[in-house]
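Tertiary structure, described
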Amino acid sequence: MTQKAEKDFSVSAEGTSLAFVAEKVKKGVRLDREDAHTLLSSNDIHLIGAMADYKKQQLSGRLVYFTVNKQINYTNICGVHCKVCAYAKGKHAKDAYTMSVEQIISELSAYGRELDEVHIVGGLNPDLKFEYYVSMMREIRSRFPSITIKAFTATEIGYFAKLYDREIKEVLSRLIDAGLNTMPGGGAELLIDGIRSELFKGKESKDEWLNTHRIAHSLGVKTNATMLYGHIETDDDIISHLDQLRSLQDETSGFLTFVPLTFHAANTPLHNKVNTPTGIRKLKIIALSRLYLDNFPHIKAYWVMLSEGITQIALHFGADDIDGTIGQEKVTHAAGALTPVGLTNNKMISMIKDSGYIPAQRNGEYKVIRIYQ
Ligand code: V47
């Protein structure tokens, strides 16, 4: 839905390269890589925010979306040792676990009928059978018929295909038949093979990650895409990442939301070896995402990784979604996140209202459940 932005923005820095980018934004001209570099290297934070907010309001008006959701991490056992991860365990570790399908149902049942979405993701555990995942989908669907099941990153789907010797299309089709609705955007990390082999050894290549999303889109499954930043990447790597996602979206229109993820280094091999992004850097990344990914309907400010305060400001820098209540977040908290592990519905609503926007409660496919005027 394209709407007219409520207000235009004025350009304070006439004649600069950022003013040139601003003119393109006003005219609706697609940004190129050089424009993206200009945005990332500029300190005119007010103009960057105004541009991104203008674009956001063209796409979502004054609505900001949130969902009442629960994250389920069904296992922390993982055969791959990503250097960014503090969550994965070897199978003999004393705190290694795998949830049974009954345990998953019982965790969800504790939330009654209130949940709009369940977000399921886990480690690459070689000891689980494919039937475990199928029955997980089937049981959740039968017990919670109207919930959106957002499950399994492209990394997990690719792993299932290899482990169980099936085509990706077949893996996805079985899971869809059993109840899967959408896929989360995890595992994208940075779509740069050099970075993948340095930090994410053993994970799929960037083209494999993209191709799994291509196949999901061809089966009618909408997906998200993430980007993990704040480790060893350059600005050019970030722009390449966005560029590849924009091209795939031109081809399939299957992405719903882009989710920039801020790296947390505690308890990982990169602890004390990287510079944590500053607040301004986080806001520039959100704004760049909104402006560059002109074909993505939504940009998510993930409060768990940004902090609640920066999330509210991010709503003025192009984000139109703050994810959900979550229940109990584990992956980022294992890596030192200081945010709460979950938030209440009322907190979500007040964060959005206090930022001057209108909260829209949604399910995982962006069907609006309630607007809080
Ligand atoms: O894929 C791992 C990242 C992702 C760390 O699709 C880390 O709506 C920061 O994908 N510091 C999982 N990040 C989370 C994710 C996600 C979250 C919220 C919404 C959606 C969505 C997706 O977390 C992993 C990895 O890229 N991650 N370790 C860390 N130390």
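Residues numbered from 1 in each chain as written. Predicted model: local features only at pLDDT ≥ 70, side-chain atom pairs only at ≥ 80, totals over all residues. Heavy atoms only, no water.

This brings us to the domain arrangement of the protein chain. Here the protein chain is partitioned into domain 1 (3-58) and domain 2 (62-371). Between the C-alpha centres of domain 1 and domain 2 the distance comes to 28 Å. Facing 22 residues of domain 1, the contacting portion of domain 2 comprises 28 residues. Contact between domain 1 and domain 2 buries roughly 2,300 Å² in total, counting both sides, with carbon and sulfur atoms accounting for 61%. Among the residues of domain 1 in contact with domain 2, Arg30, Leu40 and Lys56 are the three that bury the most area, contributing 33% of the side total. Our enumeration of links across domain 1 and domain 2 arrives at four salt bridges. Linking Arg33 and Asp236 is a salt bridge whose minimum nitrogen-to-oxygen distance equals 3.3 Å. Contributing elements (two or more residues each) for the side of domain 1 that touches domain 2: helix 2 (33-41) and helix 3 (45-60). Residue composition of the side of domain 1 that touches domain 2, by class: nine nonpolar, six polar and seven charged. (Domains from an automatic or database assignment. Contact = heavy atoms within 4.5 Å. Buried area = accessible area lost by both parts, 1.4 Å probe. Salt bridge = Lys/Arg side-chain N within 4 Å of Asp/Glu carboxyl O. Helix = DSSP H or I, 4+ residues; strand = E, 2+ residues; numbered from the N terminus. Nonpolar A, V, L, I, M, F, W, Y, C, P; charged D, E, K, R; others polar.)

Okay, unusual backbone geometry next. The backbone of Asn267 sits at a positive phi, close to 65°, despite the residue not being glycine. The topology assignment puts Asn267 in the loop between strand 6 (255-262) and helix 11 (279-292). Classification of Asn267 as exposed rests on a relative accessible area of 59%. Despite not being glycine, Tyr366 shows a phi value in the positive range, around 65°. As for its position among the elements, Tyr366 is in the loop between strand 9 (358-362) and strand 10 (368-371). Tyr366 sits in the buried class, given a relative accessible area of 13%. (Buried < 20%, exposed > 50% of the residue type's maximum accessible area, 1.4 Å probe, protein only.)

With their axes 9 Å apart at the nearest point, helix 6 (residues 154-163) and helix 7 (residues 168-178) run at an angle of 110° to one another. Between helix 6 and helix 7, the angle falls in the class roughly perpendicular. Pair helix 6 / helix 7 crosses with right-handed handedness. Between helix 6, through Ile157, Gly158, Phe160 and Ala161, and helix 7, the contact on the second element is made entirely by Ile168, Val171, Leu172 and Leu175. Grouping the constituent residues of the contact of helix 6 with helix 7 by class yields seven nonpolar, one polar and no charged. (Axes fitted to C-alpha atoms, helices over the stretch in contact; angles between N-to-C directions. Parallel < 35°, antiparallel > 145°, perpendicular 65-115°, else oblique. Left-handed = near helix turned anticlockwise from the far one by under 90°.)

Here we come to the site of the ligand. As a structural note, the neighbourhood of the ligand is formed by 22 residues, with Val84, Lys150, Gly185, Glu189 and Lys300 the closest of them. Lys150 places a polar side-chain atom, nitrogen or oxygen, 2.7 Å from an oxygen atom of the ligand. The fraction of the free accessible surface of the ligand (620 Å²) that becomes covered by protein chains is 93%. If you list the elements that add at least two residues to the shell around the ligand, you get strand 5 (223-229) and strand 6. (Near = heavy atom within 4 Å. Polar contact = N/O pair within 3.5 Å; in protein donor to acceptor, adjacent residues only side chain to side chain. Areas by Shrake-Rupley, 256 points an atom, 1.4 Å probe, with all protein chains shown as cover.)

Further remarks concern the pairing of strand 3 (residues 117-120). Of the two faces of strand 3, the one holding Glu117 and His119 and the one holding Val118 and Ile120 are both buried throughout. Here four bridges tie strand 2 (residues 69-72) to strand 3, and the two strands are oriented parallel to one another. The residue of strand 3 that forms the bridge with Ile72 is Ile120. (Pairing = 2+ DSSP bridges.)

With that settled, the discussion passes to the sheet that holds strand 5. Read from one edge of the open sheet, three strands run 5-6-7, paired in parallel fashion. The open sheet has two edge strands with one neighbour each: strand 5 and strand 7 (298-299). In this sheet, strand 6 lies alongside strand 5 in parallel orientation, the contact comprising seven bridges. Paired with Ala225 across the strands is Phe258, a residue of strand 6. Those strands touched by helix 9 (residues 206-218) are strand 5 and strand 6, and its axis lies near 160° from that of strand 5.

Evaluated as defined, the whole model comprises 24 salt bridges. With a closest N to O distance of 2.4 Å, Glu189 and Lys203 form a salt bridge. Here Glu189 is found in the loop between helix 7 and helix 8 (193-199), whereas its partner Lys203 is found in the loop between helix 8 and helix 9, with 14 residues between them in sequence. Measuring nitrogen to oxygen at the nearest pair gives 3.7 Å for the salt bridge that ties Asp243 to Arg246. Linking Asp243 with Arg246, this pair stays in helix 10 (residues 235-252), spanning three residues, or about one helical turn. Ionic contacts of the salt-bridge type, sharing partners, join the residues Arg33, Asp236, Asp243 and Arg246 into one network.

Reading across from one edge, 8-1-9-10 is the order of the four strands in this open sheet, with mixed pairing throughout. Each having just a single partner strand, strand 8 (321-324) and strand 10 make up the two edges of the open sheet. Averaged over all neighbouring strand pairs, the angle between strand axes comes to 25°, with direction disregarded. Both strand 9 and strand 10 contribute to a ladder of three bridges, which runs antiparallel. Across the sheet, the residue bridging to Gln361 is Arg370, located in strand 10.

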